[in-house]
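Understanding the architecture of this molecule
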Amino acid sequence: GKLTLEGARVQHQAKCLEPRCTERDTSYNSPMAFLPLEESWRAAWSKAVNASGSVEESTKFAASLGIALPKPNPFIPEDLSLKPLPKDPPQLPQVLPGAPPLAGLFHRQDDKLLQPKAHADFLIYTPYVCKDIESYVKAELWCRCVSEALQEYAYDAQIAGMDYSISLGPTFVRLALDGYNDKLGVLLGAVTDKMKSFTEVPDDVYSIVADAYSDEIQNVAFHSKPYSQCSMRFTELSSKGGVFPSYKRYETFKGLKRESLSGVAGEIFHSGGCHVEGLVIGNMTAEDASKLAAQLVDGLGLKTPLTELPVRAEAKLPEGKTVWQLEGTDAEEPNHAVFLRMQMEDSIETDMHLKLLNKIIGAKFFDVLRTQQQLGYIVSMSSAPTTHFQYLNAVIQTEFPPDYVRGRINAFFDEHLKNVAENLSSEEFETCRGGLLSDLKMQPKSLGEEAGRYLGQITTRAYDFGRRKRAIDYVEGSASVSSMKKFIADLEAAPRMYSQVKKTHPKEDKPLPEGATFPEDPAGLRTWTTHQETVQSFGDSAEWLHIDKSVGAAAAAAARHNFSPVSRA
């Protein structure tokens, strides 16, 4: 009833109108003018839309002309109020009570950003996706087909400030929702309805997805940059459970067709049971979060819980130093790559010392090996966590022979780790400690960023949401020059894995700098030169550290970390 001719406004914008613009706007002092509408225009419009009649008559007349207003956007929020906060809002997610297959729902009502928005992440563990590589590829394609079919909602959701995604993890399907909390349930309903009903994939949807997937997986498998190939091979070697390399996924994909996805939805959600864990943060109460999670379970028809989750594990690297050299997969690529990983068991102390070390010598690594020695354009040093380990990573993509570059990386660490152990000053340490504390204390700027901090703890099944606070306490109260010097000795004794990708391009390597020589390999250096044979033999002999697969892990962690279940009353 508000879209009437009486409220119509017409705006013209052109340079030729400047003489008629005798006023100025208050923001930019631009020439402008407000003028009444021409009566002849209003009369013509009134006649065209039959404005003298009822709304129904006008709508019918407009339809006869082939024009109509768009359908109401179901995702536009109507309630922008903030939910009342509890007296002492928890600063970390709390586990909420739930019945299997919903076995771990974590919630925190936002008291910082204070926006009428929420973020939800649901992980639906299912044995189907990691049963074998064919099941994984089918599930991957099915998730992408559902996303493509949901494009009918994408524009409305985007206009309304809402977002969603469906993706595949190693042993779970992930559904993420973000936007105004008032319509998060409406969005979830639209997505789960499509997921549940998507038992057959239409030809046009499969064609779009299959074409894009084929190009993407071929590029990843055969045309990735050498340093990325190093990472993919290391993941294939050191991870177990839902880890299928891209070249095998491509070969499997070639044997599939649209009909291969028939019934995949039932296989994912019903054939072997499911286990659901979730995170809901933002302008939602504990009761709201529980209702949203229950809506997911009911919407997908999840009934049978798992007795244990699919197996996932990480391998301990062999003691000493290992070089794993493989040929590159892209014949047009003129670069080699060397990717060093030093592996240490995870702890807050190790994590923080690696981050401090990166502050101390990370920039020097780039300056010495990229700027001074010019070994390549991609030169970086970093630390990275996994579930059970912490890694110091060093990577160089280069036109020099990879064995020579490996020697230069070793020479850098020999010199600079020794310098830290013997000559690290209090002034330099305090500067680096201050920089690390600044990083750790930085507050999230959005609900999505905050959720990202918690989601890693859920996917690794550690649920240690208070780790960042304990890390800050450690850096402020316990880390010191002496603790860093002791840590260097432990780091130097850590297993080292050098992943080397050697180009097959016929272009000559860059000649060594004047006076440079290839390094002499240390005694005991282990060398691997095969691909799948090495993966198989290492997998058979390695010590594997399993990720917690118990269905009660979330509740046990809540008790261990004092994230006590809260009442929904």
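Residues numbered from 1 in each chain as written. Predicted model: local features only at pLDDT ≥ 70, side-chain atom pairs only at ≥ 80, totals over all residues. Heavy atoms only, no water.

Brief notes about the overall build of the chain
Regarding its fold elements, the chain presents 18 helices and 17 strands. Expressed as lengths along the three principal axes of its C-alpha atoms, the size of the chain is roughly 95 × 65 × 55 Å. Within the chain, buried positions represent 46% of all 569 residues. Nonlocal contacts in the chain, meaning residues at least 24 apart in sequence, comprise 83% of its contacts between residues at least 6 apart. Entry remark: accessible area of the chain is about 28,700 Å², with carbon and sulfur atoms responsible for 52%. Of note, the chain has its 62 positive side-chain charges centred 2 Å away from the centre of its 75 negative side-chain charges. (Helix = DSSP H or I, 4+ residues; strand = E, 2+ residues; numbered from the N terminus. Buried < 20%, exposed > 50% of the residue type's maximum accessible area, 1.4 Å probe, protein only. Contact = heavy atoms within 4.5 Å. Areas by Shrake-Rupley, 256 points an atom, 1.4 Å probe, with all protein chains shown as cover. Lys, Arg positive; Asp, Glu negative; His and termini not counted. Charge placed at Lys NZ, Arg CZ, Asp CG, Glu CD.)

A closer look at the sheet that holds strand β8 (residues 239-240)
Spatially, three strands are ordered β8-β10-β17 in an open sheet, and the strand pairing comes out antiparallel. Among the strands making up the open sheet, the edge pair consists of β8 and β17 (544-546). Examined bridge by bridge, β8 and strand β10 (residues 313-315) share two bridges and lie antiparallel to one another. For K240, the partnering residue across the bridge sits in β10 and is A313. (Pairing = 2+ DSSP bridges.)

What to know about the pairing of strand β5 (residues 117-125)
Where burial is concerned, most of β5 is hidden: eight out of the nine residues are buried. Relative to strand β7 (residues 172-180), β5 runs antiparallel, the two sharing nine bridges. Counted as the bridge partner of F122 is L175 from β7. In terms of strand pairing, β5 meets strand β9 (residues 275-282) through eight bridges, oriented antiparallel. Across the sheet, residue A118 finds its bridge partner in β9, namely G282.

Some words on the environment of Y125
Of note, Y125 is situated in strand β5. Considering only alpha carbons, one finds Y125 and F269, 144 residues apart in sequence, at a separation of 9.0 Å. Apart from the residues lying within four places of it in its own chain, the contact partners of Y125 are T171, F172, G273, C274, H275, E277, L306, L309, R312, I458, T459 and R461.

Notes on the pattern of salt bridges
Tallied over the entire structure, the rule returns 35 salt bridges. Between R470 and D464 there is a salt bridge, with its nearest N and O atoms 2.6 Å apart. Looking at R470, the relative accessible area reads 37%, which means it is partly exposed. You can call D464 buried: its relative accessible area is 10%. (Salt bridge = Lys/Arg side-chain N within 4 Å of Asp/Glu carboxyl O.)

Focus: unusual backbone geometry
In the segment running from P100 into P101, the intervening peptide bond is cis, with an omega of 10°. Take P101: it is sitting in the loop between β3 (94-96) and β4 (102-109). The backbone of N29 sits at a positive phi, close to 60°, despite the residue not being glycine. Along the polypeptide, N29 turns up in the loop between β1 (23-24) and β2 (31-32).

Brief notes about the pairing of strand β6 (residues 163-168)
What you see with β6 is a clean split: Y164, I166 and L168 sit on the buried side and D163, S165 and S167 on the side with no burial. Pairing of β6 with β7, which is carried by six bridges, proceeds in the antiparallel orientation. Bridge assignment links L168 to a residue of β7, and that residue is V173. Taken together, β6 and the strand that follows it, β7, pair antiparallel across an intervening segment of three residues.

With respect to the sheet that holds strand β14 (residues 389-398)
Hydrogen bonds between backbone atoms are what pair the strands of a sheet, whose relative direction is either parallel or antiparallel. As summarised here, the arrangement of the six strands in space is β13-β14-β12-β15-β11-β16, forming an open sheet in which the pairing is mixed. Taken across any chain shown, the strands that pair with only one partner, and hence form the sheet edges, are β13 (378-385) and β16 (526-528). Averaged over all pairs of adjacent strands, the angle between strand axes in this sheet comes to 15°, irrespective of strand direction. Where strand β12 (residues 336-345) and β14 come together, 10 bridges link them in antiparallel fashion. Bridge pairing in β14 links F339 to V395. Contacts between helix α11 (residues 348-372) and the sheet are confined to β12, β13 and β14, with β13 contributing the most and set at about 175° to the helix. (Axes fitted to C-alpha atoms, helices over the stretch in contact; angles between N-to-C directions.)

Topic: the confidence of the model for the chain
Of the residues in the chain, 97% have a pLDDT of 70 or more, and the chain-wide mean is 93. Note that pLDDT drops below 50 for residues 565-569; the model gives that stretch 10 contacts with residues more than four away or on any other chain. (pLDDT = per-residue confidence, 0-100.)

Digging into the side chain of R341
Positionally, R341 belongs in strand β12. One buried charged residue, R341, remains without a salt bridge, the closest side chain of opposite sign being E314 at 11 Å.

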